[in-house]
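As a plain string of letters, each chain reads:
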Amino acid sequence: MLDAVVVGAGPNGLTAAVELARRGFSVAVFEARGTVGGGARTEELTLPGFRHDPCSAAHPLGISSPAFRALPLERHGLEWVHPELPMAHPFPDGTAAVLARSVAETAASLGPRDAGTYRRLVEPFLPRWDTLVRDFMSLPAAPLPHDPVTLARFGLTGLPPSTWLMRRFRDERARTLFAGLVAHVIAPLGGLATSAVGLMFALAAHARGWPVARGGSQAVSDALAGLLRDLGGAVHTDYEVKRLDDLPPARAYVFDTSPTALARIAGLGRYCEGYRYGPGVFKIDYALDGPVPWTAGQARRAGTVQVGADSAEIGGALRAVSREGRAPDRPFLITVQPSVADPTRAPAGKHVFWAYGHVPHGWTGDLTDAVERQLERFAPGFRDRVLARATAGPPELAARNANYVGGDIACGAASGLQLLLRPRLSLHPYHTPHPAVFLCSSATPPGPGVHGMSGHNAARAVWRRLRQT
Ligand SMILES: Cc1cc2nc3c(=O)[nH]c(=O)nc-3n(C[C@H](O)[C@H](O)[C@H](O)COP(=O)(O)OP(=O)(O)OC[C@H]3O[C@@H](n4cnc5c(N)ncnc54)[C@H](O)[C@@H]3O)c2cc1C
């Protein structure tokens, strides 16, 4: 009998498996797809030689993750590469606000009236970033923080809605940059704790950057899987788990799946019945003949570029998908251009680039034209650089990965209490009503992103249970 079986080889499933194997437990992972990775994979989606990340590409949470930092992933091929600027947010007038590694450069890009406010917002947290991120991302699994004062201070600033925090800024540049950061988790700007989301991404840029993985995000997953095999763990691909009986006997079953799939597979009936899924995304991967011709020079130097004219336009796009059930005319876009930092992704002189906009849950339309009209506003001539594109709306995303229910890439709405307390109101979110069944996906705290911390926290719950029995 195995000690633990993990269902799903996304970053959380693989991290959970590694954490258990490191502690001497026997572990096997079962993955539905032909390769490991889940939301951290790389494929030639368009043309030969163009290596696209179909899901995650920018890794502010990955490089800062306490779980990843404690593992020898570099020895298994993971190399973070940094663009000159972590993030840029261009405006219609041809200028841009930036998230630079330097607080001073960032503050200067926001304009003289908000530079001081920005510095006062981020500077107190930066010297304590590593401890803060560990305390925050371990909640509620490790209720005793290493630095309770900084965590409490972060809570006071972060718990209110981002619309409150944005009122501290006097000009639109800072408000727009901040609204864009909050929109990364598809949370409504007026939602509880959305200030924490924006602040977390900004602090991550200053503390450790927003890198990409050399060769593609698959390198993150391959490093985790390589380490797992070194530790004696097994990985089985092309193995979709439909019932608990499909799995070998084990003392614990750890699911890197949606709570709904877990309930179905493990026969847990009404477990997480009230769990809500959020809006979907429409994603386009591009092979380009050259770099994106952004008008703003800073955007050409950034790994990630947020596209939305102002905070009202971004808020309107989020409202359209989450409240009005329609695709926005001017979608807010998150775009990543990995080949700006990593030339291995495309043939010489060519580039890979992706963009996604938010759409209603389960939406079946085509957002390509709206996405490209939006890009043309900030990068005129963009369409002329397109060699090939691969599009994926909610149905295609859900078909690629069962965790993206209705195209929701966060595996659960990041709104209301569910942003922090997921998949249900509990101090033990990784446990289920079945004593041997655990959940470790991004449907558990700290939520979406390639950081492995849900897997790390769940593994703690598992090894405690295994040692008790
Ligand atoms: C378009 C897009 C862009 C993104 N951009 C970023 C980004 O830039 N940065 C970032 O940090 N995050 C990003 N994310 C989010 C990130 O990818 C996810 O939050 C993260 O991958 C979640 O990890 P996970 O391990 O919980 O689940 P997943 O990565 O979704 O992995 C779950 C795995 O379980 C497998 N599985 C599911 N059901 C079964 C079953 N029944 N049997 C066997 N296997 C099963 C799936 O095939 C999958 O491999 C993005 C996601 C998408 C889709």
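Residues numbered from 1 in each chain as written. Predicted model: local features only at pLDDT ≥ 70, side-chain atom pairs only at ≥ 80, totals over all residues. Heavy atoms only, no water.

## Considering the nonpolar core
- Grouped together as the largest cluster of nonpolar side chains are 62 residues, with contacts concentrated most on Leu99, Tyr118, Phe154, Leu181, Leu203 and Trp210.
- Residue contributions to this core peak at nine residues, all from helix α10 (residues 194-207).
- No fewer than three residues from each of domain 1 (2-43 + 57-70 + 214-274 + 411-468) and domain 2 (80-211 + 278-400) sit in this core.
- Those residues in contact with Tyr118 that sit more than four places away from it in its chain are Leu99, Val103, Thr106, Ala107, Leu110, Phe169, Ala202 and His206.
- In this structure, Ala21, Phe25, Leu73 and Leu466 belong to the second largest nonpolar core, which totals 42 residues. (Core = buried A, V, L, I, M, F, W, Y, C linked by side-chain atoms within 4.5 Å. Buried < 20%, exposed > 50% of the residue type's maximum accessible area, 1.4 Å probe, protein only. Helix = DSSP H or I, 4+ residues; strand = E, 2+ residues; numbered from the N terminus. Domains from an automatic or database assignment. Contact = heavy atoms within 4.5 Å.)

## Describing the sheet that holds strand β12 (residues 351-359)
- Here we have seven strands laid out as an open sheet, ordered β5-β4-β10-β11-β12-β9-β13, and mixed in their pairing. Two strands in the sheet have a free side with no partner beyond their single neighbour: β5 (96-99) and β13 (386-392). Sheet twist, expressed as the mean angle between neighbouring strand axes with direction ignored, is 20°.
- Of the pairings in the sheet, the one linking strand β4 (residues 85-90) to strand β10 (residues 302-307) comprises three bridges and is parallel in character. Within the sheet, the bridge partner assigned to Met87 lies in β10 and is Thr304.
- Set on the sheet, helix α15 (residues 368-378) makes contact with β4, β9 (280-288), β10, β11 (333-336), β12 and β13; between it and β9 the angle comes to about 60°. (Pairing = 2+ DSSP bridges. Axes fitted to C-alpha atoms, helices over the stretch in contact; angles between N-to-C directions.)

## Quick notes on the site of the ligand
- Neighbouring the ligand are 36 residues; Glu31, Gly39, Ala58, Asn401 and Gly449 lie closest to it.
- Gly38 has a polar backbone atom sitting 3.4 Å from an oxygen atom of the ligand.
- Protein chains shield 94% of the accessible area of the ligand, which is 1,000 Å² for the free molecule.
- Ranked by the residues each element gives to the shell around the ligand, the list is headed by helix α1 (residues 11-22), at three residues. (Near = heavy atom within 4 Å. Polar contact = N/O pair within 3.5 Å; in protein donor to acceptor, adjacent residues only side chain to side chain. Areas by Shrake-Rupley, 256 points an atom, 1.4 Å probe, with all protein chains shown as cover.)

## Considering the environment of Asp285
- As for its placement among the helices and strands, Asp285 is situated in strand β9.
- In this structure the C-alpha to C-alpha distance between Asp285 and Ala213, which are 72 residues apart in sequence, comes to 17 Å.
- Ignoring any residue separated from it by four or fewer positions in sequence, one finds Asp285 in contact with Leu45, Thr46, His52, Asp53, Pro54, Phe353, Trp354, Ala388, Arg389 and Ala390.
- Here the side chain of Asp285 touches Lys283 through a polar contact of 2.7 Å, side chain to side chain.

## A look at the UniProt feature "transmembrane region" (unreviewed entry) in the chain
- Here the UniProt-annotated "transmembrane region" (unreviewed entry) positions come out as residues 176-204.
- Annotation note: span residues 176-204, helix share 66%, strand share 0%, distance between end C-alpha atoms 18 Å. (UniProt positions renumbered as here; feature names shortened; annotations may be inferred.)

## Quick look at a nonpolar patch on the surface
- Where nonpolar side chains cluster on the molecular surface, the patch consists of Leu159, Leu192, Leu417, Leu420, Leu421 and Leu425 and spans about 510 Å² of accessible area.
- Along the chain, Leu417 turns up in the loop between α16 (394-400) and β14 (437-439). (Patch = residues over 30% accessible without salt bridge, like charges linked within 9 Å, V, L, I, M, F, W, Y side chains within 5 Å. Salt bridge = Lys/Arg side-chain N within 4 Å of Asp/Glu carboxyl O.)

## Some thoughts on the domain arrangement of the chain
- We note that the domain assignment places domain 1 (2-43 + 57-70 + 214-274 + 411-468) and domain 2 (80-211 + 278-400) within the chain.
- Residue-level contacts link 34 residues of domain 1 with 36 residues of domain 2.
- Summing the contributions of domain 1 and of domain 2, the shared interface buries around 2,900 Å²; its carbon and sulfur component is 70%.
- With a closest N to O distance of 3.9 Å, Arg214 and Asp342 form a salt bridge.
- At the surface where domain 1 touches domain 2, the tally comes to six residue pairs in polar contact (both at pLDDT 80 or more).
- Those elements that place two or more of their residues in the side of domain 1 that touches domain 2 are α2 (60-64), α3 (66-69) and α17 (453-468).
- A per-element tally of the side of domain 1 that touches domain 2 places α2 first, with five residues.
- Among the residues forming the side of domain 1 that touches domain 2, the class breakdown is 18 nonpolar, eleven polar and five charged. (Buried area = accessible area lost by both parts, 1.4 Å probe. Nonpolar A, V, L, I, M, F, W, Y, C, P; charged D, E, K, R; others polar.)

## Focus on the pairing of β11
- Of the two faces of β11, both are covered, the one formed by Leu333 and Thr335 as well as the one formed by Ile334 and Val336.
- Across four bridges, β10 lies against β11 in antiparallel orientation. Looking at the pairing, Thr304 lines up with Val336 of β11.
- Bridge count between β11 and β12: four bridges; the pairing is antiparallel. Note that in β12 the partner of Ile334 across the bridge is Tyr356.

## Regarding the sheet that holds strand β8 (residues 250-255)
- The parallel open sheet is built from five strands, whose spatial order is β7-β2-β1-β8-β14. At either margin of the open sheet sits one strand with a lone partner, and together these are β7 (234-236) and β14. For this sheet, the mean angle separating the axes of adjacent strands, direction not counted, is 20°.
- Taken together, the three bridges between β8 and β14 define a ladder with parallel strand orientation. In the strand pairing of β14, Val254 is matched with Phe438.
- Against the sheet, helix α12 (residues 259-266) makes contact with β8 and β14, and its axis sits at roughly 165° relative to β14, the strand it touches most.

## Some details on the packing of aromatic side chains
- Counting across every chain of the model gives twelve aromatic pairs.
- Judged by centre distance (5.0 Å) and plane angle (90°), the rings of Tyr286 and Phe382 are edge-to-face. Here Phe382 lies in the loop between α15 and β13 and Tyr286 lies in strand β9, a separation of 96 residues in the sequence. Comparing Tyr286 with Phe382, the two get one shared label, buried. (Phe/Tyr/Trp six-rings, centres within 6.5 Å; stacked < 30°, edge-to-face > 60°.)

## Some words on helix α11 (residues 218-230)
- Helix length check: α11 (13 residues) gives 18 Å between terminal C-alpha atoms against 18 Å at 1.5 Å per residue, within 8%.
- Those residues of α11 lying buried are Gln218, Ala219, Val220, Ser221, Ala223, Leu224, Ala225, Gly226, Leu227 and Leu228.
- Summarising the contacts, the buried residues of α11 are in contact with α1, β2 (27-30), α3, β3 (80-81), β6 (212-213) and β7.
- After α11 finishes, the residue Gly232 shows a positive phi value of roughly 100°. (Expected span 1.5 Å × (residues − 1).)

## Side note on the pattern of salt bridges
- Taken as a whole and judged by the stated rule, the model has 26 salt bridges.
- Between Arg301 and Glu105 there is a salt bridge, with the nearest N and O atoms lying 3.8 Å from each other. Linking Arg301 in the loop between α13 (297-300) and β10 with Glu105 in helix α4 (residues 103-109), this pair joins segments that are 196 residues apart in sequence.
- Of the residues examined, Glu105 reaches a relative accessible area of 37% and is grouped as partly exposed.
- Note that Asp342 and Arg345 form a salt bridge whose closest N and O atoms lie 2.7 Å from each other. Residues Asp342 and Arg345 agree in their burial class; the two are buried.
- Connected via shared salt-bridge partners are Asp53, Glu79, Arg214, Asp342 and Arg345.

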